[in-house]
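Here's the letter readout for the chains.
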Amino acid sequence: MSSFANSPSKGARGNSIAVKGIRNGLLFSIADDVSFADAFAELTEKLQGEKRPGEKDSPAVAVYLDFGDRELSEEDDSAVRELFAGNEDFTLESMEGAPQVRDLRHKDPYVLKSTVRSGQVIEHDGDIVVIGDVNPGAQLIATGDVYIMGYLRGSAHAGASGDHRAIVAATYFDPIQVRIAGVIRRAPERRVQAAEMEFAYLDGEHMAIEKMEALGQYRARGRTSRVVV
Amino acid sequence: MGEAIVVTSGKGGVGKTTSSANIGTALALLGKKVCLMDTDIGLRNLDVVMGLENRIIFDIVDVATGGCRLEQALIKDKRFDHLFLLPAAQTKDKLALSVDAARAIVGKLKSQFDYVIIDCPAGIEHGFRVAITGADQAIVVTTPEQAAVRDADRVIGLLEAEHMPSPKLIINRIKAHMVRNGDMLDIDDIIGILSLDLLGVVPDDEHVIKAANQGEPTVLRPDSRASIAYRNIARRILGDPVPLMTLQEEQSGFLSRMKKMIGLR
């Protein structure tokens, strides 16, 4: 894989595709300033040129294509798909660039079995699970969801890299501040009793809070809407 | 080999020095050989509370920098032969006491005393690092106020990061009537947040201020409630399972109610 990414490309049109190894495959970024025909020719060359002798049994490499600002015509689109259909070493995973956070299902959650105290910051690329309390002045920052089995009295930020589908859930929900993606909500000025088993999510532009029973419904709603889009 | 216990809180003014003085004196009352060590360089107070200010010749920075021997800086208490104070420096810069030097001093003291009680400065910077180095255990002092509890929580996190065995909690200056009216955090609220073992609850008591001004630790006055609380804390440190004083007892008795009615309280 690495020899592929680093090998000097043959042919005159060598620079229209940049290849980068990413966590679950290869990302091909196609330059905006070359014609589709040239880019397609180079893509064909790269895929054909990389027959891997002696590695016939290894699984196919997932490829993510990033066409940048380019709009593909229907013919171009199907040409690309056919190119991959005829190739055993590579599978076309996406034509919309690198995988988004939520698609990385295998990202390990970070499980913390202790109290998170004032001044402590837990950051994780993925979900954060705290089995214990999150005290005032403590901060959790996750690119995925935040789940707290205990008191949330501090601050939690879910979907920190922009995932609007992320949630913050806690057994006792009494946060100083909750953020999901770019939306911030702070605690009411008048202290109220901590709510039991609730989660915060984004309803469009606004943050909403719902009883934990509704989480399944929310997730189901999310799945259908994603299929439609 | 003795045990070094640091008394810390994060926030200033919650009673670290008073607690250090009283716990140390109470342990001495129970027959232990105790050294009180003040690490609040530049703002020393422990000597004043103990009434030993006028006996200081050398201080902890002199010991650390080789200006004198440890024995020369130790001040023997007026009341007990086996209670000593290692005073902080008043005029030097707080960076004059390094973490390594402090650890070496605590190590030496532990070999000579049953208990070394380290009075920590407020804050979480250099002075805090100096105070907790070499300590085997920590006592966190807080008062029933949000800000004090917040700072205590921060300090507990830092102690845990230093692999200090679970610190013990003292809740200082609790006012029973305010707790009852819901105007003050109660003990359960505080333990709920800090999740620590409770070493003791010290009721708010004017005797403490009076005693500190006279350079007499409160524990020497058996009639004060704070005194009893500190004595109980010292016994718990020695492993004696003393039950907590109930805060309500001052109102519940028939006699005290009578006294209240006729204006004695």
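Throughout, a residue's number is its position along its own chain's written sequence, starting from 1. Following the order in which they are written, the chains are lettered starting with A and the ligands numbered starting with 1. Where totals are concerned, whole chains, interfaces and linings use all residues; where local detail is concerned, this predicted model gives features only for residues with pLDDT of at least 70, and gives and counts side-chain atom pairs only at 80 or more. Excluded from the side-chain calculations are hydrogens and water; all other atoms, namely the structure's heavy atoms, are used.

1. Topic: the overall build of chain A
Counting its secondary structure elements, chain A contains four helices and 15 strands. Relative accessibility decides the category of a residue: with a 1.4 Å probe and only protein chains considered, values under 20% of the type maximum give buried, values over 50% give exposed, and everything between is partly exposed. Within chain A, buried positions represent 42% of all 229 residues. For chain A, the share of sequence-separated contacts (at least 6 apart) that also reach a separation of at least 24 residues comes to 37%. For chain A, the exposed area adds up to about 12,900 Å²; of that, 50% sits on carbon and sulfur atoms. For helices the rule is a DSSP run of H or I covering at least 4 residues; for strands it is a run of E covering at least 2, with both sets numbered from the N terminus onward. Any two residues whose heavy atoms approach within 4.5 Å are treated as being in contact. Reported accessibility uses the Shrake-Rupley method at a 1.4 Å probe radius. Residues are deemed covered only where the shown protein chains occlude them.

2. Focus on the environment of Asp38(A)
Assignment of secondary structure puts Asp38(A) in helix 2 (residues 36-49). Along the chain, Asp38(A) and Ser16(A) lie 22 residues apart, while their C-alpha atoms are 7.9 Å from each other.

3. Some words on the interface of chain B and chain A
Facing the eleven residues of chain B at the interface are ten residues of chain A. Across the chain B/chain A interface, buried area totals approximately 890 Å², and carbon plus sulfur atoms make up 38% of it. Ranking the residues of chain B by area buried against chain A places Arg150(B), Asp153(B) and Ile193(B) at the top, with a combined share of 49%. For salt bridges, the criterion is a side-chain nitrogen of Lys or Arg within 4 Å of an Asp or Glu carboxyl oxygen. Taken together, the links from chain B to chain A amount to two salt bridges. A salt bridge links Asp153(B) to Arg117(A); the shortest N-O distance between them is 2.8 Å. By the criterion applied in these results, polar contacts are pairs of N or O atoms within 3.5 Å in which, for protein atoms, one can donate a hydrogen and the other can accept it, and in which residues neighboring in sequence qualify only through two side-chain atoms. At the junction of chain B and chain A, the tally comes to seven residue pairs in polar contact (both at pLDDT 80 or more). Counting residues per element, the side of chain B that touches chain A draws most heavily on helix 7 (residues 146-161) of chain B, which supplies six residues. The quantity reported as buried area is the accessible area (1.4 Å probe) lost by two parts once they are put together, taken as the sum for both.

4. Quick look at the sheet that holds strand 12 (residues 177-180) of chain A
All names here are of chain A. Read across the sheet, five strands follow the order 6-8-10-12-13 without closing on themselves; strand pairing throughout is mixed. Looking along the sheet, the strands with just one partner apiece sit at the ends: strand 6 (121-124) and strand 13 (183-186). Going from strand to strand, the sheet's axes swing by 10° on average, the running direction of each strand aside. In this description, strands pair whenever DSSP reports at least two bridges between them. The axes used here are C-alpha line fits, helices contributing only the stretch in contact, and every angle between their N-to-C directions lies in the interval 0 to 180 degrees.

5. Details of a nonpolar patch on the surface
On the surface, a cluster of nonpolar side chains totalling about 270 Å² of accessible area is made up of Val111(A), Ile131(A) and Met149(A). Note that Val111(A) resides in strand 5 (residues 110-112). Note on patches: the residues involved have over 30% relative accessible area and no salt bridge, like charges join within 9 Å, and the nonpolar side chains Val, Leu, Ile, Met, Phe, Trp and Tyr join within 5 Å.

6. Description of helix 11 (residues 225-237) of chain B
Residue and element names in this part refer to chain B. What a helix should span is 1.5 Å times the count of its residues minus one. Relative to the 18 Å expected for 13 residues at 1.5 Å per residue, helix 11 spans 19 Å between its end C-alpha atoms, a close match to the ideal helical length. Buried residues of helix 11: Ala-226, Ser-227, Ala-229, Tyr-230, Asn-232, Ile-233, Ala-234, Arg-236 and Ile-237, and no others. Positive backbone phi, approximately 95°, marks Gly-239, located one or two places after helix 11.

7. Remarks on empty space enclosed by the protein
Cavities and pockets are defined on a 1 Å grid built over the protein atoms alone: a cavity is a set of grid points where a 1.4 Å probe fits but cannot escape, while a pocket is an open set with protein on both sides within 12 Å along at least five of seven lines, and lining residues are those with an atom within 4 Å of any such point. Grid points are joined across faces, edges and corners, and a volume is the space filled by probe spheres set on the points. In this structure the tally under the stated criterion is two cavities of 30 Å³ or more. Counted as a void, the largest cavity has a volume near 40 Å³. Lining the largest cavity are Gly200(B), Val201(B), Ala229(B), Asn232(B), Ile233(B), Arg236(B), Leu244(B) and Met245(B). Secondary structure elements with two or more residues in the lining of the largest cavity: strand 8 (197-203) and helix 11 of chain B. A per-element tally of the lining of the largest cavity places helix 11 of chain B first, with four residues. Three classes are used: nonpolar for Ala, Val, Leu, Ile, Met, Phe, Trp, Tyr, Cys and Pro, charged for Asp, Glu, Lys and Arg, and polar for all others, with Gly counted as polar. Of the residues that constitute the lining of the largest cavity, the class distribution is five nonpolar, two polar and one charged. As a volume, the second largest cavity reaches approximately 30 Å³. Every residue along the wall of the second largest cavity is listed here: Asn135(A), Pro136(A), Gln146(B), Val149(B), Arg150(B), Asp153(B) and Ile193(B).

8. Let's talk about the state of the cysteines
Residues and elements named next belong to chain B. Sulfur atoms of two cysteines make up a disulfide when they are within 2.5 Å. By the definition in use, this model includes zero disulfides over all chains. Cys-68 forms no disulfide, and the closest cysteine sulfur to it belongs to Cys-35, at a distance of 13 Å. Cys-68 sits in the buried class, given a relative accessible area of 10%. Unpaired in this structure, Cys-120 has its nearest cysteine sulfur neighbour in Cys-35, at a distance of 16 Å. Judged by relative accessible area, Cys-120 falls into the buried class, the value being 2%.

9. Quick notes on the side chain of Ser224(B)
Within the fold, Ser224(B) resides in the loop between helix 10 (206-213) and helix 11. Leave out the neighbours within four places in its chain, and Ser224(B) touches Asp205(B), His207(B) and Thr218(B).

Spatial relationships are all this shows, so hold off on functional conclusions.
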